[in-house]
Amino acid sequence: MPSATVRSALTVGALAAALSFSLTSQAAADVGDEEIVRLQLVGVVETDTSPKTLKAGDTWTTYMHLYTHDKKHVGDAGSRCTAVEVGKKVTAQCTRVLRMHDGEITLHDMISRKGDQRITSKTAIAGGTGVYNDAEGEGYITLEGNRVHFDLSVDD
């Protein structure tokens, strides 16, 4: 019977090999995954609870209707943002959910904005439901008046 040291070494080696195999299998599964869909939507804000003056820690929600660029209604969306820094610009950390007829997409981002100026920032696709159940990727979100433009590259 092998010693405890030999058994431990064999066990560690077997676990390392198994982990290495599972990681390379996942990486190989993602190679050639070219199912990236560009999704462009416009949100029209219906409700915004952001306070007139902000301080770090303030939280607000926004509700909007979602449309395609040719004005077809495809669903609604909500966001919850928290001011993390307030100064010359306001930096907010936001989670957004786009709820469409065929599923939902969840986004996470941090946006720094001065007043009501138009701003475009990166957003991360954190997941989804329905046809977007394996969604990942990134995109851009543009805040402009009572409109929010979403330009997403959805990899499912």
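Structure first, text after, so check above.
Being a predicted model, the structure only gives us computed values, none of them experimental.

This part is about a negative patch on the surface. A cluster of like negative charges, contributed by Glu35, Asp134, Glu136 and Asp156, occupies part of the molecular surface. Within the secondary structure, Asp134 sits in the loop between strand 6 (119–128) and strand 7 (136–144).

One pass over the structure, following the stated rule, counts one disulfide. Paired through a disulfide, Cys81 and Cys94 show a sulfur-sulfur distance of 2.1 Å. Classification of the bridge connecting Cys81 and Cys94 rests on its S-S torsion, roughly 115 degrees, and on that basis the disulfide is right-handed. With Cys81 in strand 3 (residues 73–86) and Cys94 in strand 4 (residues 90–100), the pair connects residues that are 13 residues apart, well separated along the chain. Each member of the pair, Cys81 together with Cys94, is buried.

As a further point, take the nonpolar core. Leu98, Met100 and Phe150 are the most contacted members of the largest nonpolar core, which totals 20 residues. Counting residues per element, the ones that place at least two in this core are strand 1 (36–48), strand 2 (59–67), strand 3, strand 4, strand 5 (103–113), strand 7 and strand 8 (147–155). Sort the elements by how many residues they give to this core and strand 8 lands first, with four residues. If we ignore the near neighbours within four places in the chain, the residues touching Phe150 are Leu39, Gln40, Leu41, Gly43, Met64, Leu66, Arg96, Leu98, Leu107, Tyr140 and Ile141. Cys81, Ala83, Ala92 and Cys94 belong to the second-largest nonpolar core, a separate cluster that totals five residues.

A word on the sheet that holds strand 3. Spatial strand order, 1-2-3-4-5-6-7-8: eight strands in a closed barrel with antiparallel pairing. The sheet shows a mean angle of 30 degrees between the axes of neighbouring strands, direction not considered. In this sheet, strand 4 lies alongside strand 3 in antiparallel orientation, the contact comprising eleven bridges. Bridged to Ala83 within strand 4 is Ala92.

Reading guide: rules and limits
- Residues numbered from 1 in each chain as written.
- Predicted model: local features only at pLDDT ≥ 70, side-chain atom pairs only at ≥ 80, totals over all residues.
- Heavy atoms only, no water.
- Patch = residues over 30% accessible without salt bridge, like charges linked within 9 Å, V, L, I, M, F, W, Y side chains within 5 Å.
- Areas by Shrake-Rupley, 256 points an atom, 1.4 Å probe, with all protein chains shown as cover.
- Salt bridge = Lys/Arg side-chain N within 4 Å of Asp/Glu carboxyl O.
- Lys, Arg positive; Asp, Glu negative; His and termini not counted.
- Charge placed at Lys NZ, Arg CZ, Asp CG, Glu CD.
- Helix = DSSP H or I, 4+ residues; strand = E, 2+ residues; numbered from the N terminus.
- Disulfide = S-S within 2.5 Å.
- Buried < 20%, exposed > 50% of the residue type's maximum accessible area, 1.4 Å probe, protein only.
- Core = buried A, V, L, I, M, F, W, Y, C linked by side-chain atoms within 4.5 Å.
- Contact = heavy atoms within 4.5 Å.
- Pairing = 2+ DSSP bridges.
- Axes fitted to C-alpha atoms, helices over the stretch in contact; angles between N-to-C directions.

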